[in-house]
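Coordinates in review
In case you want the letters, here they are:
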Amino acid sequence: MKTIDLNCDLGESFGAYKIGNDEQVLPHISSANIACGFHAGDPHVMSQTVQLAKKYDVAIGAHPGFQDLVGFGRRAMAVSPSDVYDLVIYQIGALSAFCQVHDVKLTHVKPHGALYNMAAVDTSLAEAIAKAIANFDPTLVLYGLAGSKLIEAGEKYGLHAVSEVFADRTYQPDGTLTQRTEPNAVIHDSNQSIKQVLQMVKEQTVQTITGEVIPIKADSICVHGDNIHAIQFVQRLNHALTNEGITIKAIR
């Protein structure tokens with residue numbers, strides 16, 4: 001029986017600002033990537049989200065990003081590999097502390113936003129992330145864009161590297177995601193998103209924005225929990241996968 005991991009970026013609220021519907025989304029996913037206070041989240045939200053993930057038996061991952069709250073970590077920054085190494089160590093350490101006090105295991109790391117996209121094509125940044133994870137805890141799983149430099153770096157450093165695909169994002173012919181600043185970067189039609197997911201999971205291919213069909217490895221599917229239709233979409237996707245005989249299971 002085929003299995004797939006269903007992951008979602010959570011814990012993005014901070015201070016007086018509430019983002020997403022974490023507790024409503026958690027029952028329908030298998031893995032949570034929790035913001036670590038740089039691009040989103042704060043200490044209280046991190047602690048609360050770890051507890052919620054534990055409650056629903058969802059695998060817990062650190063979601064480190066650039067220290068860019070205003071830009072939600074989606075703006076490229078001029079950083080060195082040593083900068084990236086330190087910011088990843090810092091953020092994994094912060095979330096790991098909350099996992100320790102709540103007696104639950106930290107299972108994986110998934111970089112966020114611009115850091116994720118930059119590491120997908122830049123070997124030096126990808127290796128800085130992989131080295132940080134390996135030095136912190138080599139049993140942690142690394143999530144990276146399927147076919148990217150980040151997956152290669154994870155394998156180089158002996159990590160279990162998980163190839164991630166996106167339910168609601170369009171793809172370029174080289175396998176990278178269409179930049180959010182470009183038209184048609186995000187798929188808003190839930191039926192189209194589900195169709196894309198089923199193709200990626202069952203056929204290991206995806207249709208690019210130019211119409212070309214390219215191979216893609218799908219170990220985990222990312223869904224976004226910060227829009228108004230997130231809960232309904234995650235429920236529908238969960239049911240669609242289950243109806244195809246595909247088991248949703250965390251990679252631990």
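Residues numbered from 1 in each chain as written. Predicted model: local features only at pLDDT ≥ 70, side-chain atom pairs only at ≥ 80, totals over all residues. Heavy atoms only, no water.

**Quick word on the packing of helix α3 (residues 81–101) against helix α5 (residues 123–136)**
The line we're drawing: Axis lines are fitted to C-alpha atoms, over the contacting stretch for helices. Their N-to-C directions set the angle, which ranges from 0 to 180 degrees. Put simply, DSSP H or I for four residues or longer makes a helix, DSSP E for two residues or longer makes a strand, and each gets a number counted from the N terminus. For any helix crossing, the convention is left-handed if the near helix is rotated counterclockwise from the far helix by under a right angle, and right-handed if that rotation is clockwise. Should any heavy atoms of two residues lie within 4.5 Å, those residues are counted as being in contact. Amino acid classes used here: Ala, Val, Leu, Ile, Met, Phe, Trp, Tyr, Cys and Pro are nonpolar; Asp, Glu, Lys and Arg are charged; the rest, including Gly, are polar.
The interhelical angle for the contact between α3 and α5, taken along N-to-C directions, is 35°, at an axis separation of 8 Å. Crossing hand, α3 versus α5: right-handed. Residues P81, V84, Y85, V88, I89, I92, G93 and S96 of α3 lie in contact with α5, whose contacting residues are S124, L125, A128, I129, K131, A132, I133, N135 and F136. Residue classes in the contact of α3 with α5 are distributed as 12 nonpolar, four polar and one charged.

**Here's the deal with the pattern of salt bridges**
Condition: By definition, a salt bridge exists where a carboxyl oxygen of Asp or Glu is found within 4 Å of a side-chain nitrogen of Lys or Arg. Think of it in three bands: with a 1.4 Å probe and only protein chains considered, a residue is buried below 20% of the maximum accessible area for its type, exposed above 50%, and partly exposed in between.
Inspection of the entire model under this criterion finds eight salt bridges. The partner of E127 in a salt bridge is K156, with the nearest N and O atoms 3.1 Å apart. Here E127 is found in helix α5, whereas its partner K156 is found in helix α6 (residues 149–156), with 29 residues between them in sequence. A relative accessible area of 21% places E127 in the partly exposed class. Residue classification places K156 among the exposed residues on the basis of a relative accessible area of 56%. Residue K202 pairs with E244 through a salt bridge whose shortest N-O separation is 2.8 Å. Of the two residues, K202 is situated in helix α7 (residues 190–203) and E244 in the loop between α8 (230–243) and β10 (247–248); the sequence distance between them amounts to 42 residues. The class of E244 is partly exposed, set by a relative accessible area of 40%.

**Description of the side chain of T178**
Put simply, the rule is: Each polar contact in these results corresponds to two N or O atoms within 3.5 Å; when the atoms are within protein, one needs to be able to donate a hydrogen and the other to accept it, and residues that are neighboring in sequence are counted only if both atoms are side-chain atoms.
The topology assignment puts T178 in the loop between β6 (160–166) and α7. Of note is the side chain of T178, whose polar atom sits 2.8 Å from the side chain of T170. Look past the residues within four positions of T178 in its chain and what remains in contact with it is R169, T170, Y171, Q172, P183, A185 and I209.

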